[in-house]
Amino acid sequence: MRVLVVTAVAAERDAVTRGAAGATAPAGGPVETVELAVPGFVLHRTATAAGPLPLVVDALAAGVGPAAAAAGTATALTAAAVSGGPYDLVVSAGIGGGFTGATAGAPVGSLVVSDAIVAADLGAETPEGFLPVTELGFGTVEHRPPEALVRAVAEATGARRGEVLTVSTVTGSTERARALAKLRPGALIEAMEGFGVAEAAAAHGVPVLEIRAVSNPVGPRDRAAWRIGDALAALAGAFAALPGALATEPLPHVNDLPEARPAPAPAAPPPHARRTP
């Protein structure tokens, strides 16, 4: 099985590779991580042929935000497909802010696996409030990973299950945190890359998942409350446990994925954009 894991920054990528290397290490010693170039990016690969599920994990630090995440994911997926070794699963991974005030919140240091990957601020502000882009007649704001895979990963890692929000601006106030929680009551954590990763994976017909460790509460930026080291350690632990979940739960065929869809036909330009002789 080949898994592409996309993070924002190198510290998250390195936590993923530490966990993956520990999980795939044979009894005789550690697994080596090698670097492989793809256009504009570098993959960090750990691989093993041992155990019930031969596994290749490629970790990529694509940059911060959904656009960078989508670009990096699409580049790696395309390079793999062209080389004849396509990926079986894409995972958006990293740390993020937890909605600790929710009824079933995500406290600092905990893990979350995505029931849904949601673009929380993709839309328009109106006098009546926020409208998601879907209500404007465009695109999508949500990707749902395969239910059985979510369940298996949650059981293997001890993660909470819930919505993972993708935002372009990190929440910095109590008012905004409350507004997001009201908009998406199932949200457990916010980050900045998952929806971009999911869009690229959906375009390639590859199942997608998001795994996050909570480094801080969503709300006012109190650096004293941040626990980045603890969150990165939890993230590494999740990827140490991930192979066990993948070995027990077969991934869906591309044609069975709800997100697999043909590319839309190009739209004609609006009349005001057309050139006249």
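Residues numbered from 1 in each chain as written. Predicted model: local features only at pLDDT ≥ 70, side-chain atom pairs only at ≥ 80, totals over all residues. Heavy atoms only, no water.

Considerations on the side chain of T7
Thinking step 1. Following the sequence through the fold, T7 ends up in strand β1 (residues 2–7).
Thinking step 2. A polar atom in the side chain of T7 sits 3.1 Å from the backbone oxygen of V9. (Helix = DSSP H or I, 4+ residues; strand = E, 2+ residues; numbered from the N terminus. Polar contact = N/O pair within 3.5 Å; in protein donor to acceptor, adjacent residues only side chain to side chain.)

Points about the nonpolar core
Thinking step 1. In this structure, V91, I211 and F239 are the most contacted members of the largest nonpolar core, which totals 33 residues.
Thinking step 2. Secondary-structure elements contributing two or more residues to this core are β1, α1 (10–24), β4 (55–61), β5 (89–98), β6 (111–119), α3 (147–157), β12 (208–217) and α6 (228–248).
Thinking step 3. Looking at this core, the element that brings in the most residues is α6, giving 10 residues.
Thinking step 4. In this view, I211 contacts V91, S92, A93, G94, V112, V113, V153, L235, A238, F239 and L242; residues no more than four positions away in its chain are not counted.
Thinking step 5. Counting residues in hydrophobic clusters, the runner-up holds 23 residues, among them A62, A69, L77 and V206. (Core = buried A, V, L, I, M, F, W, Y, C linked by side-chain atoms within 4.5 Å. Buried < 20%, exposed > 50% of the residue type's maximum accessible area, 1.4 Å probe, protein only. Contact = heavy atoms within 4.5 Å.)

Comments concerning the confidence of the model for the protein
Thinking step 1. On average, the protein scores 87 in pLDDT, and the residues at 70 or more come to 84%.
Thinking step 2. Predicted confidence is poor over residues 253–277, with pLDDT under 50, and the contacts of this stretch with residues over four places away or in other chains come to 18 contacts. (pLDDT = per-residue confidence, 0-100.)

Notes on the pairing of strand β10 (residues 160–166)
Thinking step 1. Counting buried residues along β10, 5 of its 7 residues qualify, which places the element largely inside the surrounding structure.
Thinking step 2. As judged from the 7 bridges shared by β6 and β10, these two strands associate in the parallel manner. Residue pairing for β10: I117 is matched across the bridge by V164.
Thinking step 3. Viewed along the sheet, the connection from β10 through helix α4 (residues 174–183) into strand β11 (residues 187–191) turns out right-handed. (Pairing = 2+ DSSP bridges. Right-handed = clockwise from strand over helix to strand, strands pointing away.)

A few points about the environment of G244
Thinking step 1. When you line up the elements, G244 lands in helix α6.
Thinking step 2. Sequence separation between G244 and L53 is 191 residues; the distance between their C-alpha atoms is 8.7 Å.

Digging into the packing of α3 against α6
Thinking step 1. At their nearest, the axes of α3 and α6 sit 8 Å apart, and the two run at 135 degrees to each other. Comparing the axis directions of α3 and α6 gives the class oblique. Crossing of α3 against α6: the hand is right-handed. Contacts between α3 and α6 involve L149, A152, V153, A156 and T157 on the former and, on the latter, A238, A241, L242, A245, L246 and T248.
Thinking step 2. For the contact of α3 with α6, the per-class residue count stands at 9 nonpolar, 2 polar and no charged. (Axes fitted to C-alpha atoms, helices over the stretch in contact; angles between N-to-C directions. Parallel < 35°, antiparallel > 145°, perpendicular 65-115°, else oblique. Left-handed = near helix turned anticlockwise from the far one by under 90°. Nonpolar A, V, L, I, M, F, W, Y, C, P; charged D, E, K, R; others polar.)

Observations concerning the side chain of S110
Thinking step 1. With respect to the helices and strands, S110 occurs in the loop between β5 and β6.
Thinking step 2. Residues in contact with S110, not counting those within four places in the same chain, are R160, R212, A213 and V214.

A short note on the packing of aromatic side chains
Thinking step 1. All chains considered together, the criterion is met by 0 aromatic pairs.
Thinking step 2. The positively charged end of R2 is found above the aromatic ring belonging to Y87, 5.0 Å away from the centroid. (Phe/Tyr/Trp six-rings, centres within 6.5 Å; stacked < 30°, edge-to-face > 60°. Lys NZ or Arg CZ within 6 Å of the ring centre and 35° of its normal.)

Here we look at the pattern of salt bridges
Thinking step 1. Taken as a whole and assessed by the stated rule, the structure comprises 10 salt bridges.
Thinking step 2. For E210, the salt bridge identified is with R212, shortest N-O distance 2.8 Å.
Thinking step 3. Residue classification places E210 among the buried residues on the basis of a relative accessible area of 0%.
Thinking step 4. Residues joined by salt bridges that share partners form a network here, namely D115, E147, R151 and R161. (Salt bridge = Lys/Arg side-chain N within 4 Å of Asp/Glu carboxyl O.)

Side note on the pairing of β4
Thinking step 1. Among the 7 residues that make up β4, 6 are buried, leaving the element largely enclosed by the rest of the structure.
Thinking step 2. Bridge analysis of β1 against β4 gives 6 bridges, and the strand direction is parallel. The residue bridging V6 from the neighbouring strand is L60, located in β4.
Thinking step 3. Summarising the sheet, strand β3 (residues 41–48) and β4 pair through 6 bridges and their orientation is antiparallel. If you follow A47 over to β4, its bridge partner there is V56.

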